[in-house]
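Chain residues, written in single-letter form:
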Amino acid sequence: MGALSKLAAAMKLGNLQIDPPVWMAPMAGVVDAPYRQLLRELGCPVVVTEMVSAEGILRLAKGSHRLLHHLPSERPLFVQLFGDLPERLAEAARLCAEMGFAGIDINMGCPVKKVVRHGAGAALMKDPIRAEQIVAAVRRAVSIPLTVKMRSAWSASEGNAIELGRRLAGAGADAIIIHARTRSQFYSGRADWELIGRAVAALDIPVIGNGDLRAVEDGKRRQTQTGCAGIMIGRAALGNPWLPAAMGKCMTQQTTTAYPPSPQERWGIFCNHLQKMIDWVDSERQAVIRMRKHLIWYTRGFVGAVGLRKEVHRMNTATAMRSAMAKLLAVEDRDPQCLC
Ligand SMILES: Cc1cc2nc3c(=O)[nH]c(=O)nc-3n(C[C@H](O)[C@H](O)[C@H](O)COP(=O)(O)O)c2cc1C
């Protein structure tokens, strides 16, 4: 086997085979059940829920349980949990394992104040002993794959991913996912892929690299550069649900289907997404509201997209959305039922 094909090899976590090793990133408010269904349908190998509070799950909070709802077509689906108490996270993980999730991911990267203030998310990077206790407790509670998603560090001087990764590997994590920005950077600045390379060399569990993967060749390029076992795609896949599958094909050197899709295909995929949203929320009006941001992402870069941004907030029906997009892309506004 050549060096490159070895690199692109499937990722194995317990009994789960992720082939090619491409993950869609968890994104609160965006990568919800309808979007995950679409991503999987288009060939994204594995998806993750939005972050869910372990405490919310255990207290039967409606909002948290709503985030756990999913369809079998989304599997393999990891659930991402956040919290600061080892035994509470372990109990929530146990419930999730019973619900059929393929794996548990613990959030140690969320930068927002209302999460880190309670010692959860990226705050755990400054509290390695507690982070280790969490992983050990969850490991004792479940036998399904266990990953941790973290930042490269809390700040330039504090809470380093490599040291933390070593501890968490010892405590039973099966893999770590590094979003290679510090917590202080939030989502700006460049992701530090050199750090991912150093983590790969230093750790004896698989490392999944995340941050700034945009072009279809980026996954292959970064995997070759760092030797990471897998990659995770974030913002570039918004309005671009075909990107994870295309990046995976490029990594395994399979022939890529036409990328990006034609405007007519783009419109068809948007209609499919919209219909999934309508089916999911069971209200056309609510679905249209939730799809407004997606419509903007799907049309980014097209002539007239800026004008559409202003109009989108006045759109209240699926028909209005479909025909506005068809007009902008200059494609036929066909009956979406005939698009399969
Ligand atoms: C709107 C939004 C929501 C996000 N929600 C989560 C989340 O729930 N859990 C998580 O671990 N990361 C979350 N992230 C971070 C992404 O998973 C990813 O790590 C980050 O966007 C970096 O990847 P990118 O540079 O490819 O976008 C979120 C990011 C954005 C922009």
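In what follows, the structure referred to is the one given above.
For every chain, the first residue of the written sequence is number 1, and numbering continues from 1 along that sequence. Given that the model is predicted, a residue must reach a pLDDT of at least 70 before its local features are reported, and side-chain atom pairs must reach 80 or more before they are shown or counted; all residues, however, enter totals for whole chains, interfaces and linings. As a rule here, side-chain values cover all heavy atoms of the structure and leave hydrogens and water aside.

Peer 1: Which residues make up the nonpolar core, and what are the values?
Peer 2: Here, nonpolar core refers to any group of buried Ala, Val, Leu, Ile, Met, Phe, Trp, Tyr and Cys residues whose side-chain atoms link them within 4.5 Å. Note on classification: 1.4 Å probe, protein chains only; a residue is buried when its accessible area is under 20% of the maximum for its type, exposed when over 50%, partly exposed between these limits. Membership of the largest hydrophobic core comes to 107 residues, with the highest contact counts inside it found for Trp23, Leu81, Ile104, Met108, Met150 and Ile178. When checking whether two residues touch, look at their non-hydrogen atoms; a contact exists if any pair is within 4.5 Å. In this structure methionine 108 touches Gly121, Ala122, Leu124, Met125, Ala131, Val135, Val148, Lys149, Met150, Arg151, Leu164 and Leu168, once residues within four positions along its chain are discounted.

Peer 1: Please set out the packing of aromatic side chains residue by residue, giving values where relevant.
Peer 2: Aromatic rings from Phe, Tyr and Trp, taking only the six-membered ring of Trp, are treated as a pair when their centres fall within 6.5 Å; an angle between ring planes under 30 degrees marks them as stacked, one over 60 as edge-to-face, and anything in between as tilted. For the structure on display, the rule yields three aromatic pairs. Relative to phenylalanine 78, the ring of tryptophan 23 lies with its centre 4.9 Å away and its plane at 65°, an arrangement referred to as edge-to-face. Residue tryptophan 23 is located in strand β3 (residues 22-24), and its partner phenylalanine 78 is located in strand β5 (residues 77-82); the two are separated by 55 residues in the primary sequence. A relative accessible area of 0% places tryptophan 23 in the buried class. Summarising the aromatic geometry, the rings of tryptophan 242 and tyrosine 298 are spaced 6.3 Å apart at their centres and angled 55° between planes, so their arrangement reads as tilted. One end of the pair, tryptophan 242, is in the loop between β11 (230-233) and α11 (243-251); the other, tyrosine 298, is in helix α13 (residues 284-299), and 56 residues separate them in sequence. Counting from the N terminus, the helices are the DSSP runs of H or I reaching at least four residues and the strands are the DSSP runs of E reaching at least two.

Peer 1: Could you give me a rundown of the pairing of strand β4 (residues 47-53), with the residues and numbers involved?
Peer 2: Across the seven residues of β4, seven count as buried, placing the element largely inside the fold. Pairing of β4 with β5, which is carried by five bridges, proceeds in the parallel orientation. The residue of β5 that forms the bridge with valine 52 is leucine 81. We call two strands paired when DSSP finds no fewer than two bridges between them.

Peer 1: Explain the pattern of salt bridges residue by residue, including any values.
Peer 2: If the charged atoms of two oppositely charged side chains come close together, the side chains can form a pair. Here, a salt bridge means any side-chain nitrogen of Lys or Arg that lies within 4 Å of a carboxyl oxygen of Asp or Glu. Considering all chains together, one arrives at 14 salt bridges under this definition. The partner of lysine 276 in a salt bridge is glutamate 41, and the shortest N-O contact between them spans 2.7 Å. Placement of the pair is lysine 276 in helix α12 (residues 263-281) and glutamate 41 in helix α2 (residues 33-41), with a sequence separation of 235 residues. Connected through shared salt-bridge partners, Glu55, Arg59 and Arg88 make up one network.

Peer 1: Before we move on, can you summarise the environment of proline 244 with the specific residues and values?
Peer 2: With respect to the element layout, proline 244 can be found in helix α11. Residue proline 244 is classed as buried on the basis of its relative accessible area, which comes to 1%. Counting along the chain gives 141 residues from proline 244 to glycine 103, while the straight-line C-alpha distance between them is 19 Å. If near-sequence neighbours (up to four positions away) are discounted, proline 244 is found in contact with Val22, Met24, Leu39, Cys44, Ile233 and Ala237.

Peer 1: Now, about helix α7 (residues 128-141): what can you tell me, with residues and values included?
Peer 2: What a helix should span is 1.5 Å times the count of its residues minus one. For α7, with 14 residues, the first-to-last C-alpha span of 20 Å sits near the 20 Å given by 1.5 Å per residue. Those residues of α7 that fall on the buried side of the exposure criterion are Ala131, Ile134, Val135, Ala137, Val138 and Ala141. Around the axis of α7, the buried residues are gathered within 165° of arc, so they sit on the same side. Seen from the open side of α7, the exposed residues pointing more than 90 degrees away from its buried face are Ile129 and Arg140. Residues of α7 that are buried sit in contact with α5 (86-99), β6 (103-108), β7 (146-155) and α8 (161-171). Here the arc refers to the directions that run from the helix axis out to each C-beta atom.

Peer 1: Explain helix α9 (residues 193-202) residue by residue, including any values.
Peer 2: Among the residues of α9, those classed as buried are Trp193, Leu195, Ile196 and Ala199. Along the axis of α9, the buried positions cluster into a sector of 145°, meaning they face one direction only. Across α9 from its buried face, at more than 90 degrees, point the exposed residues Glu194 and Ala201. Side-chain atoms alone can form a polar contact between residues adjacent in sequence; in general such a contact is a pair of N or O atoms within 3.5 Å, and within protein one must be able to donate a hydrogen while the other accepts it. Capping the start of α9 is the job of one residue whose side-chain oxygen sits 3.2 Å from the backbone nitrogen of glutamate 194: aspartate 192.

Peer 1: How would you explain the side chain of arginine 181 if you had to name every residue and give the values?
Peer 2: With respect to the helices and strands, the residue arginine 181 is situated in strand β9 (residues 175-182). For arginine 181, the residues in contact, after removing those within four places along its chain, are Arg151, Ser152, Ala153, Phe186, Tyr187, Ser188, Gly189, Arg190, Ala191, Gly211, Asp212 and Arg235.

Peer 1: Give me the lowdown on the environment of glycine 170, citing residues and values where you can.
Peer 2: Note on placement: glycine 170 falls in helix α8. With 38 residues separating them in the primary sequence, glycine 170 and glutamate 132 have C-alpha atoms 8.4 Å apart.

Peer 1: Account for the pairing of strand β10 (residues 207-210), with residues named and values stated.
Peer 2: Of the two faces of β10, the one holding Val207 and Gly209 and the one holding Ile208 and Asn210 are both buried throughout. When β9 meets β10, the two strands line up parallel, connected through four bridges. Counted as the bridge partner of isoleucine 177 is isoleucine 208 from β10. The parallel pair β9 and β10 is bridged by α9, and the resulting crossover is right-handed. A right-handed crossover is one whose linking path, passing over the helix from the first strand to the second, runs clockwise when the strands point away from the viewer. Note on the crossover from β10 through helix α10 (residues 218-226) to β11: the handedness is right-handed.

Peer 1: So, the side chain of histidine 294: which residues are in play, and what are the values?
Peer 2: Looking at where histidine 294 falls in the secondary structure, it is placed in helix α13. With residues up to four places along the chain from it excluded, the contact list for histidine 294 reads Val30, Tyr35 and His273.

Peer 1: Give me the packing of α10 against α11: which residues, what numbers.
Peer 2: The convention used is that axes are lines fitted to C-alpha atoms, helices contributing only their stretch in contact, and that angles between N-to-C directions extend from 0 to 180 degrees. At a minimum axis distance of 7 Å, the contact between α10 and α11 shows a crossing angle of 50°. Classified by the angle between their axes, α10 and α11 sit oblique to one another. In this structure, α10 contributes Asp218, Gly219, Lys220 and Gln223 to the contact, and α11 contributes Met247, Cys250 and Met251. As a working rule, the residues Ala, Val, Leu, Ile, Met, Phe, Trp, Tyr, Cys and Pro are called nonpolar, Asp, Glu, Lys and Arg charged, and the rest polar, with Gly in that last group. Here the residues of the contact of α10 with α11 are counted per class, giving three nonpolar, two polar and two charged. Small angles under 35 degrees read as roughly parallel and large ones over 145 as roughly antiparallel, with 65 to 115 read as roughly perpendicular and the rest as oblique.

Such coordinate-based values are descriptive only and should not be taken to indicate function.
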